[in-house]
Each structure stands twice: as C-alpha cells, then as structure tokens.
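# Structural features, examined
Here are the chains, one letter per residue:
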Amino acid sequence: AKDSTLIGAHMGEIHQPLRVVDDGHDHGRDIKVQFGDKRTNLFDVWETEVPKGLQGTTQQIVSRLRGKITPEHRKFWAYGTLIRWTEESAGQARVNIHDDLYGAARLSNDELLVSLEYPDVKRRLASELISRAAVRLAAALNFALK
C-alpha cells in the first residue's frame, strides 16, 4: 500500500506541468500576472483558476473524463517511463503554458495581464493531463501488483 501511495503521488506531480519544468521562474511563481482584479503569479493561476474551470464534484469530473478516454488513449498513454512522462509534462509547460502567456499585455509594473478566458482555454489541456495521469497510474499500479 505504501508503494502504491508513492506511485500515485509521483504520477500526480509529474502531470502538473509547472511543478516539473525547470523554467528559471520558480515553476511560474516568479511570473507575476494580473488575473481580473487579482494580482498573483502563473503558478497560482494554474493551481487554482484552471481547475475551477473543470466544474463539478471530483466524482463528476472523473466520470466525465473517464468517458472520453478511448482504448487507443489507454494504449498510447500507458507506454513509457516516469522520466519520459516528466519530460513530456515539462514540454507542455514550456509550449502550452509559458509561450502562450508571452503574447499577453505587459503592464507598467511588469506584470502580465492574463485574460479571464485563459483558464477556460487551458481547461482542455488540464483535462487531458489528468486523464493521462489516471491511465498511467493504473498502468503503473497494475505493473507493481504483478
């Protein structure tokens, strides 16, 4: 049971892109943003605002996401190693999180103005990352229990 808890914790962490990227910005914490009337940072937007867009209880979100995972997804996503999956997640942070923000308006205080629609736009990516983590966790647990 201890091993499965450790596997689950690592699987969750590596599928949160800003937690694994070595971006020189303390995982997005040093990228100051203005989101609506809130002054925050990129990490906070990804940890709080993007998940809010998933809407529903944990069970509703899981059920909705499970229904979208095809057998092809399971086969493709389950292939690989923790290192490969971590590198993939870091790549997501660089390409689909950081690069998207650099086109944002820069305010006079050097903060980036992040659109209120940003979490909705990124909800699809977040949903896919959660789904990948679930498939990979199941594969890792199945392997560990053999």
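Since the structure is predicted, the reported quantities are computational estimates derived from the model, not experimental observations.

### Looking at the confidence of the model for the protein
When pLDDT is averaged along the protein, the result is 83; 90% of the residues meet or exceed 70. Within the protein, helix α1 (residues 2-14) has the poorest average pLDDT of any element, 64, and helix α5 (residues 71-78) the best, 93.

### Examining the pairing of strand β1 (residues 32-35)
Burial of β1 is one-sided: the residues V33 and F35 facing one way are buried, the residues K32 and Q34 facing the other way are not. Summarising the sheet, β1 and strand β2 (residues 38-41) pair through four bridges and their orientation is antiparallel. Opposite V33, over in β2, you have T40 as the bridge partner. Count of turn residues in the β1/β2 antiparallel hairpin: two residues, of which G36 carries a positive phi of about 65°. Pairing between β1 and strand β4 (residues 112-114): three bridges, direction parallel. Directly across from Q34, in β4, lies its bridge partner L113.

### Focus on the packing of α5 against helix α7 (residues 118-144)
Direction vectors running N to C along α5 and α7 enclose 70°, while the axes themselves pass 9 Å from each other. On the basis of their axis angle, the class for α5 and α7 is roughly perpendicular. Seen from α5, the contacting residues are R74, W77 and A78; seen from α7, they are E128, S131, R132, V135, R136 and A139. When its residues are assigned to classes, the contact of α5 with α7 shows four nonpolar, one polar and four charged.

### With respect to the nonpolar core
Counting 19 residues, the largest nonpolar core has L18, V33, L42, W46, I97 and Y118 as its most contacted members. Among the secondary structure elements, those contributing two or more residues to this core are β1, α3 (42-52), α6 (82-101), β4 and α7. Beyond its immediate sequence surroundings of up to four residues, V33 is in contact with K38, R39, T40, N41, L42, V45, E111, L112 and V114.

### Section: the side chain of N41
Within the fold, N41 resides in strand β2. A polar contact is formed between the side chain of N41 and the backbone nitrogen of F43, at a distance of 3.0 Å.

### With respect to the sheet that holds β4
Strands sit in the order β2-β1-β4-β3 across an open sheet of four strands; the sheet is mixed. Edge positions in the sheet fall to β2 and β3 (105-106), since each of these pairs with one other strand and no more. The strands touched by α3 are β1 and β2; relative to β2, the strand with the most contacts, the crossing angle is about 100°.

### Re the pattern of salt bridges
All chains considered together, the criterion is met by 11 salt bridges. The residue E88 makes a salt bridge to R132 at a minimum N-O spacing of 2.9 Å. Taken as a pair, E88 in helix α6 and R132 in helix α7 lie far apart in primary sequence, 44 residues in all. When salt bridges that share partners are traced, they join K38, D44, E49 and K52 into one network.

### Looking at the packing of α3 against α7
Across the interface, α3 lies against α7 with an axial gap of 10 Å and an inter-helix angle of 75°. With respect to α7, the element α3 is oriented roughly perpendicular. For the pair formed by α3 and α7, the contact residues are L42, V45, W46, E49 and V50 on the first element and Y118, P119, K122, L125 and A126 on the second. Its residues assigned to classes, the contact of α3 with α7 shows eight nonpolar, no polar and two charged.

Thresholds applied
- Residues numbered from 1 in each chain as written.
- Predicted model: local features only at pLDDT ≥ 70, side-chain atom pairs only at ≥ 80, totals over all residues.
- Heavy atoms only, no water.
- pLDDT = per-residue confidence, 0-100.
- Helix = DSSP H or I, 4+ residues; strand = E, 2+ residues; numbered from the N terminus.
- Buried < 20%, exposed > 50% of the residue type's maximum accessible area, 1.4 Å probe, protein only.
- Pairing = 2+ DSSP bridges.
- Axes fitted to C-alpha atoms, helices over the stretch in contact; angles between N-to-C directions.
- Parallel < 35°, antiparallel > 145°, perpendicular 65-115°, else oblique.
- Contact = heavy atoms within 4.5 Å.
- Nonpolar A, V, L, I, M, F, W, Y, C, P; charged D, E, K, R; others polar.
- Core = buried A, V, L, I, M, F, W, Y, C linked by side-chain atoms within 4.5 Å.
- Polar contact = N/O pair within 3.5 Å; in protein donor to acceptor, adjacent residues only side chain to side chain.
- Salt bridge = Lys/Arg side-chain N within 4 Å of Asp/Glu carboxyl O.

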